[in-house]
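# Notes for the structure review
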Amino acid sequence: SLTLLAQYDLSEAARCIAFERPTAGAFHLMRATEEVLRGYYCHYVRRDRISPMLWYPMVQALQQHRKAKANDTLHRQLDNIRVSFRNPTQHPDKVYDIHEVQDLFGLCVDSINRMRMANLERQR
């Protein structure tokens, strides 16, 4: 149920990890997670969406949205990924080791799964 871009980036991240290219894998993980976050944000925020849709403003808006408040743990986890991984990944000097990116893979897959499950539950 993920977008083609999210599917592509998750697949590329897994390939990069398998071929021991951890920094490239981290980059694809951040892209995939942000793509799913955009869909999650749009699912809850129907009007007056922020533009451009950037990670921090989307999480802030979700934390204040009354229907999305039930997923506060997820929002804190997404903000942690942003601060601890996404922002440092953008820095040209950041290099990941294989263990770090494997941990990040688990964290991102968990967050993506939580976002998708929250969307599905709300649709019911």
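Look up a bit, the structure's there.
What you are looking at is a predicted structure, and each value in this text was computed from that prediction instead of being measured. (Residues numbered from 1 in each chain as written. Predicted model: local features only at pLDDT ≥ 70, side-chain atom pairs only at ≥ 80, totals over all residues. Heavy atoms only, no water.)

Time to look at the overall build of the protein. The helix and strand tally for the protein stands at 5 helices and 0 strands. Secondary structure elements in the protein, listed N-terminal to C-terminal, are α-α-α-α-α. Relative to the globule expectation of 14 Å for 124 residues, the C-alpha radius of gyration of the protein, 14 Å, shows essentially globular dimensions. When its C-alpha atoms are laid out on the principal axes, the protein stretches across 40 × 25 × 25 Å. Burial statistics for the protein: of 124 residues in total, 40% are counted as buried. Taking the intrachain contacts of the protein between residues at least 6 apart in sequence as the baseline, contacts between residues at least 24 apart amount to 59%. Carbon and sulfur atoms form 51% of the exposed surface of the protein, whose accessible area is close to 7,300 Å². (Helix = DSSP H or I, 4+ residues; strand = E, 2+ residues; numbered from the N terminus. Rg over C-alpha atoms; globule rule 2.2 N^0.38 Å. Buried < 20%, exposed > 50% of the residue type's maximum accessible area, 1.4 Å probe, protein only. Contact = heavy atoms within 4.5 Å. Areas by Shrake-Rupley, 256 points an atom, 1.4 Å probe, with all protein chains shown as cover.)

Further remarks concern the nonpolar core. What tends to happen in soluble globular proteins is that the nonpolar side chains get buried as a cluster. Counting residues in hydrophobic clusters, the biggest one holds 31 residues, and the most contacted among them are Leu 29, Leu 37, Tyr 40, Leu 104 and Met 115. For this core, the secondary-structure elements that each account for two or more residues are helix H1 (4-18), helix H2 (22-44), helix H3 (55-64), helix H4 (72-89) and helix H5 (98-123). If you tally residues by element for this core, the top one is H2, at 10 residues. In contact with Leu 37, not counting residues within four places along its chain, are Trp 55, Met 58, Val 59, Leu 62, Leu 78 and Met 115. (Core = buried A, V, L, I, M, F, W, Y, C linked by side-chain atoms within 4.5 Å.)

Moving on to a positive patch on the surface. The grouping of Arg 46, Arg 49, Arg 66 and Lys 67 at the surface amounts to a positive patch. Relative to the assigned elements, Arg 49 resides in the loop between H2 and H3. Classification of Arg 49 as partly exposed rests on a relative accessible area of 37%. (Patch = residues over 30% accessible without salt bridge, like charges linked within 9 Å, V, L, I, M, F, W, Y side chains within 5 Å. Salt bridge = Lys/Arg side-chain N within 4 Å of Asp/Glu carboxyl O. Lys, Arg positive; Asp, Glu negative; His and termini not counted. Charge placed at Lys NZ, Arg CZ, Asp CG, Glu CD.)

Moving on, we get to the side chain of His 28. Counting through the fold element by element, His 28 comes out in helix H2. Separated by 2.7 Å, the side chains of His 28 and Asp 9 make a polar contact. (Polar contact = N/O pair within 3.5 Å; in protein donor to acceptor, adjacent residues only side chain to side chain.)

The next subject is H3. Along an α-helix, residues three or four positions apart point the same way, because every turn accommodates 3.6 residues. Listing the buried residues of H3 in full gives Trp 55, Met 58, Val 59 and Leu 62. Relative to the axis of H3, the buried residues are bounded by an arc of 95 degrees and lie together on one face. Next to the buried residues of H3 lie H2 and H4. (Arc of directions from axis to C-beta.)

We now examine the packing of aromatic side chains. Aromatic rings considered in pairs are described by the distance between their centres and by the relative angle of their planes. With the rule as written, the count across this model stands at 1 aromatic pair. Between Tyr 40 and Tyr 44, the aromatic rings sit 5.2 Å apart at their centres with planes inclined by 70 degrees, giving edge-to-face as the arrangement. In this pair, Tyr 40 and Tyr 44 both sit in helix H2, 4 residues apart, roughly one turn of the helix. Taken as a pair, Tyr 40 and Tyr 44 share a single burial class, namely buried. For Lys 94, the ring lying beneath its charged end belongs to Tyr 96, and the centroid distance is 4.5 Å. (Phe/Tyr/Trp six-rings, centres within 6.5 Å; stacked < 30°, edge-to-face > 60°. Lys NZ or Arg CZ within 6 Å of the ring centre and 35° of its normal.)

That is the geometry; function is a separate question.
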